[in-house]
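Listed below, chain by chain, are the residues.
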Number of protein chains: 2
Amino acid sequence: MQEGDPVTLEKFFYPDSVAVVGASRTPGKAGHIVLANILEFGFGGPVYPVNPGAGEILGVPAYDSLDALPTVPDLVIAVLPREHTEALMRQCAALGVKHVIIPAAGFSDVGPEGRRLEEAVMAVAREAGITVMGPNSIGTVCPSSGLATSIVSLDRMRSGGVALYGQTGMFASGVARWIDTSERFGISKIACLGNKAGVDETDVLEYLGSDAETSVIGVYTEGVRDGRRFASVLGSVAARKPVLLLKSGRTEQGRKAIASHTGALAGADEIFAGLVRQTGAIRVGDFEELLDCAKAFGMQPLPAGNGVGVVSITGLGCVLSADCAGRFGLALPQPGEQTLKRMGEALPSWVPASNPADIWAAIEARGADAGYGSVAGSLADDPAVHALVAIFTVIPESSLDVVAFFGGLQQAHPEKPLAAVLMTGDADIRSRWKRSLAEIGVPSYPTPERAMRALGAMWQYTSALQ
Amino acid sequence: MQEGDPVTLEKFFYPDSVAVVGASRTPGKAGHIVLANILEFGFGGPVYPVNPGAGEILGVPAYDSLDALPTVPDLVIAVLPREHTEALMRQCAALGVKHVIIPAAGFSDVGPEGRRLEEAVMAVAREAGITVMGPNSIGTVCPSSGLATSIVSLDRMRSGGVALYGQTGMFASGVARWIDTSERFGISKIACLGNKAGVDETDVLEYLGSDAETSVIGVYTEGVRDGRRFASVLGSVAARKPVLLLKSGRTEQGRKAIASHTGALAGADEIFAGLVRQTGAIRVGDFEELLDCAKAFGMQPLPAGNGVGVVSITGLGCVLSADCAGRFGLALPQPGEQTLKRMGEALPSWVPASNPADIWAAIEARGADAGYGSVAGSLADDPAVHALVAIFTVIPESSLDVVAFFGGLQQAHPEKPLAAVLMTGDADIRSRWKRSLAEIGVPSYPTPERAMRALGAMWQYTSALQ
């Protein structure tokens, strides 16, 4: 779109009614999955499957055509092959439908012929004032409204403050499932924009900037059409809430690959970098970093300073944390005398107390719960410590009640961000710990570097506001 | 040690007999776990638990003291508090024991008093010609001899070509368990050197350089005592087999943390970097990269060139792979005409064939097995393609037989390295895929970047040899 209109985008997340054109009775088909997702997510309004002669699909009465519906739906999901899309758009225009998601590929993403098809579809949309998400878009996910238009089956997701969006369909498919089964942070909105013939990155950014439910925004882009407008909106949104920005197409070979899968022309990375540098957005290097940081922002309070306390079951964790702290703008402050005295009480007399704190001797002397609890609790009480990282190796011998440990820290210092590092160890136990921690809102990472990087991003955001 | 002596180190991995001094009947105690590990790993020679009055431990007859054993053991594991270590060393000296592992901490790792204790222990060792691993060392793991001296319980590990060693005890605890439960590559040797009062990084490197079982070596170091000797051995070993080198203490804060946990003085990173630059060793940035690369080297053949073929279920995978290829010294060559023609046969007419190949349309048209199989098979046959990366999003709808897919590629091109990317998706299914792939020797990674980085390390090694 050329003019951002937040009100218009609202219906992609909170429609009063939805029609699934091309809904299918056959499990595994896209038209079946879309309908199943909407039902599974618990969308509250009317859902109209449209498919001639289908009768009933997943227990919902189906309609023979769009103009047979009892009302004009707020949102149409066009689960049709590309060649039937223009005709459907004409029906939408005639009925007064204003919002359409087009999942089909084979438009500007595959070359000149597809580009002509896309232009024909968009010409109808423009004339009728229809806002299009796509083509080649698998649409939106909005746990709070129960909407999930993905053509990949999803389980109901946890509602929360993190919005993720961009060109790729991965957000509403693999990434959504990964968040649901592994990362467990709460989602406000997901949007997959595909070819961006209609809604583009800037439109969604503007919308999410005003969305009260969204506290942090993760954007993946392969290149924007109007860099100046994007940068201007980015600056205004990033002043209100953290925006994590992942840009691909950083190399010539990357840009060629982008051109061949969405038809977008990704500009030189230097120009893009120059435009966004002053905006306050946080640039991340890859998908792992995007999700790592989104999780921290989504689960934890912002730090009041850059001082991190580290407790670790292994000296290695201490060294790695200390080594990377500066790279992420963080420091490991020396604790005050009172803190050192309290830490020392948990340690054998010959082990010096310090930050980072090697907890091994305290565990040997006092057991896991008391060892971790007393040393970390003392560090967290120190005014120079603004965030705390606890590093574990998850082995069968671990007797620590990790939920009680972090719960105690949360209760004592709800204002200080926490992170767990589950470094190597048993894969199954690690998964269980990770999920248990996520339930109480503590993010966990596989290495000290990734935990410190996420805290560093939070501090970067906080300090830019000061 | 000042003089490297490979024959001497042999007994830390292949002793004829082992004594566990401080063996314990109490599950959970270090002296119990060490014995249990050796039994679990299936060590073939005699194992002598030593503990006065214990009678029998884990079904093995225990001895009251070291001098009550029927033979002089090749290797003694001293599971004793630090204050009893010097006395034990005197017993070892009197009996003619030549190899001792000292797990106890509290020596030079904790300050002046500990340093004096360590010096006293080492003085006895030097005089008696005893080679010491430690103190603060949890020793070795050698699946092919059934030895595992760790104080953390381990399951029997898969035997293979990867050696990992360094100061940290993580290798024989958390990392070993992570490899066993998640990464599943085969191990030749693990050694955890602790305070390095005796055996140091250079000694082990020299030994592993001549070890026929070891095909790739991963070293973690916080700083070496004699940089020139280390660099000289590194150059000689790296000319014969790949050496992955992870060095911490890269920042001032990191060096302080090192000093406080092993007492080692880590020199300035620039000096170290200068010494190892010309050696041909591959420097890695963190533990994830170390294990990622070790897995690739351990499981796959070396590539004959830098051309990578990429097939991906998502356009995102294509873009990210292409974007990072150059950074890792790799290229995504345009396939030959014959290859393009064969790839095109699996695709709808409107989808152009290319490398990286977005496989989505081929799957829609021909199903997962035929879609992936024909496009990847054609790419792998191309002479410009020296390695193949296949990118998946592991969702419940995935019907692909991933083991048959990679098995086919391995059979057709046993000379070309393969890697799987299991990008987001369902956590449990992803774990299952990862394990199944590891069983057939295919390494998998969570992002395209990490797969390309590992292949890049292999190409870096191969090209340096040319």
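In this text the structure is predicted, and so the values were computed from the model without any measurement.

Caption draft 1: Quick peek at the overall build of chain A. When you go through chain A residue by residue, the secondary structure sums to 17 helices and 19 strands. For chain A, buried positions account for 63% of its 466 residues. Across chain A, the fraction of contacts at a sequence separation of at least 24, relative to all contacts at a separation of at least 6, is 74%. Carbon and sulfur atoms make up 52% of the accessible area of chain A, which totals about 15800 Å².

Caption draft 2: Region of the structure containing the pairing of strand 13 (residues 243-247) of chain B. All names here are of chain B. With respect to burial, strand 13 is a largely interior element, five of its five residues being buried. Covered by surrounding structure in strand 13 are Val243, Leu245 and Lys247 together with Leu244 and Leu246, the residues of both alternating faces. Judged from the five bridges that link them, strand 12 (residues 216-221) and strand 13 form a sheet pairing that is parallel. Its bridge partner lying in strand 13, Thr221 is registered against Lys247.

Caption draft 3: A look at the pairing of strand 1 (residues 18-21) of chain A. Residue and element names in this part refer to chain A. Side-chain alternation along strand 1 places Val18 and Val20 on one buried face and Ala19 and Val21 on a second face that is also buried. In this structure, strand 1 lies alongside strand 5 (residues 75-78), joined through four bridges in parallel fashion. Along strand 5, the bridge assignment pairs Val18 with Leu75. With four bridges connecting them, strand 1 and strand 2 (residues 47-50) associate as parallel partners. Each bridged residue has a counterpart across the sheet, and for Val18 the counterpart in strand 2 is Val47. Between the parallel pair strand 1 and strand 2, the chain is carried across by helix 2 (residues 30-41), and the sense of this crossover is right-handed.

Caption draft 4: Examining the sheet that holds strand 12 (residues 216-221) of chain A more closely. Residues and elements named next belong to chain A. The strand order across the open sheet formed by seven strands is 9-8-11-10-12-13-14, and the pairing between neighbours is mixed. Of all the strands in the sheet, the pair left with one neighbour each is strand 9 (147-148) and strand 14 (282-284). Here strand 8 (residues 139-142) runs beside strand 11 (residues 187-192); their pairing, made up of three bridges, is antiparallel. Bridge pairing links Val141 to Ile190 in strand 11.

Caption draft 5: Looking closely at the pattern of salt bridges. Inspection of every chain in the model, using the stated rule, returns 48 salt bridges over all chains. For Asp74 of chain B, the salt bridge goes to Lys11 of chain B, with nearest N and O atoms at 3.3 Å. In this pair, Asp74 of chain B sits in the loop between strand 4 (60-61) and strand 5 (75-78) while Lys11 of chain B sits in helix 1 (residues 6-13), placing the two residues 63 residues apart along the sequence. For Arg177 of chain B, the salt bridge is made with Asp155 of chain B, and the minimal N-O distance between the two is 3.8 Å. Taken as a pair, Arg177 of chain B in helix 5 (residues 174-183) and Asp155 of chain B in the loop between strand 9 (147-148) and strand 10 (159-166) lie far apart in primary sequence, 22 residues in all. Take Asp155 of chain B: its relative accessible area is 39%, and that puts it in the partly exposed class. A cluster of three or more residues bridged by salt bridges with shared partners is formed by Glu288, Glu289, Asp292, Arg450 and Arg453 of chain A together with Glu288, Glu289, Asp292, Arg450 and Arg453 of chain B.

Caption draft 6: Examining the side chain of Thr393 of chain A more closely. Here Thr393 of chain A is to be found in strand 17 (residues 387-394). Sequence-distant contacts of Thr393 of chain A, defined by excluding residues within four places in its chain, comprise Ile313, Thr314, Ser398, Met423, Thr424 and Gly425 of chain A together with Met170 and Gly174 of chain B.

Caption draft 7: Local environment of helix 9 (residues 269-277) of chain B. Residues and elements named next belong to chain B. Within the span of helix 9, buried status applies to Asp269, Phe272, Ala273 and Val276. All buried residues of helix 9 fall inside an arc of 100° around its axis, so they share one side. Away from its buried face by more than 90 degrees, helix 9 exposes Glu270 and Ile271.

Caption draft 8: Broad picture of the relation of the copies chain B and chain A. For the pair chain B and chain A, the superposition axis carries a translation of 0.0 Å, the fit reaches an RMSD of 0.0 Å, and the rotation angle comes to 180°. In symmetry terms, the pair is related by a two-fold rotation axis. The overlap is high: 100% of the interface residues of chain B also sit at the interface in chain A, so the same surface is used on both sides.

Caption draft 9: Summary view of the state of the cysteines. Per the stated rule, a full pass over the model turns up zero disulfides over all chains. Just so you know, Cys142 of chain B is unpaired, no disulfide at all, and the nearest cysteine sulfur is the one on Cys192 of chain B, 13 Å from it.

Caption draft 10: Focus on the packing of aromatic side chains. Across all of its chains, the model carries 24 aromatic pairs over all chains by this definition. Ring geometry for Phe405 of chain A and Phe406 of chain A: centres 5.0 Å apart, planes at 75°, overall edge-to-face. The two residues Phe405 of chain A and Phe406 of chain A agree in class, both being buried. Pairwise contacts between aromatic rings join Tyr372, Phe392, Phe405, Phe406 and Trp433 of chain A into one cluster. If you follow Arg430 of chain A out to its NZ or CZ, it ends over the ring of Trp178 of chain B, 3.9 Å from the centre. A cation sits over an aromatic face here: Lys295 of chain B above Tyr445 of chain B, 4.6 Å from the ring centre.

Caption draft 11: Quick look at the packing of helix 3 (residues 85-95) of chain B against helix 4 (residues 112-128) of chain B. All names here are of chain B. At a closest axis distance of 9 Å, the pairing of helix 3 and helix 4 adopts a crossing angle of 5°. With respect to helix 4, the element helix 3 is oriented roughly parallel. Where helix 3 abuts helix 4, its residues Thr85, Glu86, Met89, Arg90 and Ala93 lie against Ala120, Val121, Val124, Ala125 and Ala128. Taken together, the residues of the contact of helix 3 with helix 4 break down into seven nonpolar, one polar and two charged.

Caption draft 12: Broad picture of the interface of chain B and chain A. Facing 64 residues of chain B, the contacting portion of chain A comprises 64 residues. Across the interface of chain B and chain A, roughly 5000 Å² is buried in total on both sides, 63% from carbon and sulfur atoms. Our count for the chain B to chain A interface comes out at six salt bridges. Elements with a minimum of two residues in the side of chain B that touches chain A: helix 5, helix 8 (252-262), helix 10 (287-299), helix 11 (315-325), strand 18 (418-425), helix 16 (427-439) and helix 17 (448-465) of chain B. If one sorts the elements of the side of chain B that touches chain A by residue count, helix 11 of chain B sits on top with eight residues. Grouping the amino acids of the side of chain B that touches chain A by side-chain chemistry returns 30 nonpolar, 18 polar and 16 charged.

Caption draft 13: Molecular detail of the environment of Thr202 of chain B. Relative to the helices and strands, Thr202 of chain B resides in helix 6 (residues 201-209). Considered as a pair, Thr202 of chain B and Glu415 of chain B are 213 residues apart in the sequence and their alpha carbons are 33 Å apart.

Caption draft 14: Here's a closer look at the packing of helix 10 (residues 287-299) of chain A against helix 17 (residues 448-465) of chain A. Residues and elements named next belong to chain A. Relative to each other, helix 10 and helix 17 sit at 65°, their axes nearing to 9 Å. The interaxial crossing formed by helix 10 with helix 17 has right-handed handedness. Residues Glu288, Glu289, Asp292, Cys293, Ala296 and Phe297 of helix 10 lie in contact with helix 17, whose contacting residues are Arg450, Arg453, Ala454, Ala457, Met458 and Tyr461. Considering only residue class, the contact of helix 10 with helix 17 consists of seven nonpolar, no polar and five charged.

Caption draft 15: Highlighting unusual backbone geometry. For the bond from Asn355 of chain A to Pro356 of chain A, the omega torsion is 5°, close enough to zero to count as cis. Of note, the bond from Gly134 of chain B into Pro135 of chain B is cis; its omega dihedral lies within 30 degrees of zero at -10°. On the secondary structure map, Pro135 of chain B appears in the loop between strand 7 (131-133) and strand 8 (139-142). Phi at Leu58 of chain A takes a positive value of approximately 50°, unusual for a residue other than glycine. Structurally, Leu58 of chain A is set in the loop between strand 3 (56-57) and strand 4 (60-61). In this model, Lys196 of chain B sits at a positive phi of 60°, which is unusual for a non-glycine residue.

Caption draft 16: Helix 10 of chain B, seen in detail. Residues and elements named next belong to chain B. If you check helix 10, its first and last C-alpha atoms are 18 Å apart, about what 13 residues at 1.5 Å a residue would give, namely 18 Å. With 12 of 13 residues buried, helix 10 lies mostly within the body of the structure. Here helix 10 has its buried residues at Phe287, Glu288, Glu289, Leu290, Leu291, Asp292, Cys293, Ala294, Lys295, Ala296, Phe297 and Met299. A side-chain oxygen of the first residue of helix 10 lies 3.2 Å from the backbone nitrogen of Glu288; this N-cap is Asp286.

Caption draft 17: Structural detail: the confidence of the model for chain A. Residue-level pLDDT values for chain A average 93, and 97% of them are 70 or greater. Reported for the predicted complex are a pTM of 0.94 and an ipTM of 0.93.

Caption draft 18: Seen up close, the sheet that holds strand 5 of chain A. Residues and elements named next belong to chain A. Taken together, the five strands give an open sheet; going across it, the order is 2-1-5-6-7, and neighbouring strands pair in parallel fashion. Edge positions in the sheet fall to strand 2 and strand 7 (131-133), since each has one partner strand and no second. Strand-to-strand twist of the sheet, defined as the mean angle between neighbouring strand axes without regard to direction, takes the value 20°. Contacts from helix 3 (residues 85-95) reach strand 1, strand 5, strand 6 (99-101) and strand 7 within the one sheet, and its direction differs from that of strand 5 by about 170°.

The rules we used
- Residues numbered from 1 in each chain as written.
- Chains lettered and ligands numbered in written order.
- Predicted model: local features only at pLDDT ≥ 70, side-chain atom pairs only at ≥ 80, totals over all residues.
- Heavy atoms only, no water.
- Helix = DSSP H or I, 4+ residues; strand = E, 2+ residues; numbered from the N terminus.
- Buried < 20%, exposed > 50% of the residue type's maximum accessible area, 1.4 Å probe, protein only.
- Contact = heavy atoms within 4.5 Å.
- Areas by Shrake-Rupley, 256 points an atom, 1.4 Å probe, with all protein chains shown as cover.
- Pairing = 2+ DSSP bridges.
- Right-handed = clockwise from strand over helix to strand, strands pointing away.
- Salt bridge = Lys/Arg side-chain N within 4 Å of Asp/Glu carboxyl O.
- Arc of directions from axis to C-beta.
- Least-squares fit on C-alpha atoms with pLDDT ≥ 70 in both.
- Disulfide = S-S within 2.5 Å.
- Phe/Tyr/Trp six-rings, centres within 6.5 Å; stacked < 30°, edge-to-face > 60°.
- Lys NZ or Arg CZ within 6 Å of the ring centre and 35° of its normal.
- Axes fitted to C-alpha atoms, helices over the stretch in contact; angles between N-to-C directions.
- Parallel < 35°, antiparallel > 145°, perpendicular 65-115°, else oblique.
- Nonpolar A, V, L, I, M, F, W, Y, C, P; charged D, E, K, R; others polar.
- Buried area = accessible area lost by both parts, 1.4 Å probe.
- Left-handed = near helix turned anticlockwise from the far one by under 90°.
- Expected span 1.5 Å × (residues − 1).
- Polar contact = N/O pair within 3.5 Å; in protein donor to acceptor, adjacent residues only side chain to side chain.
- pLDDT = per-residue confidence, 0-100.

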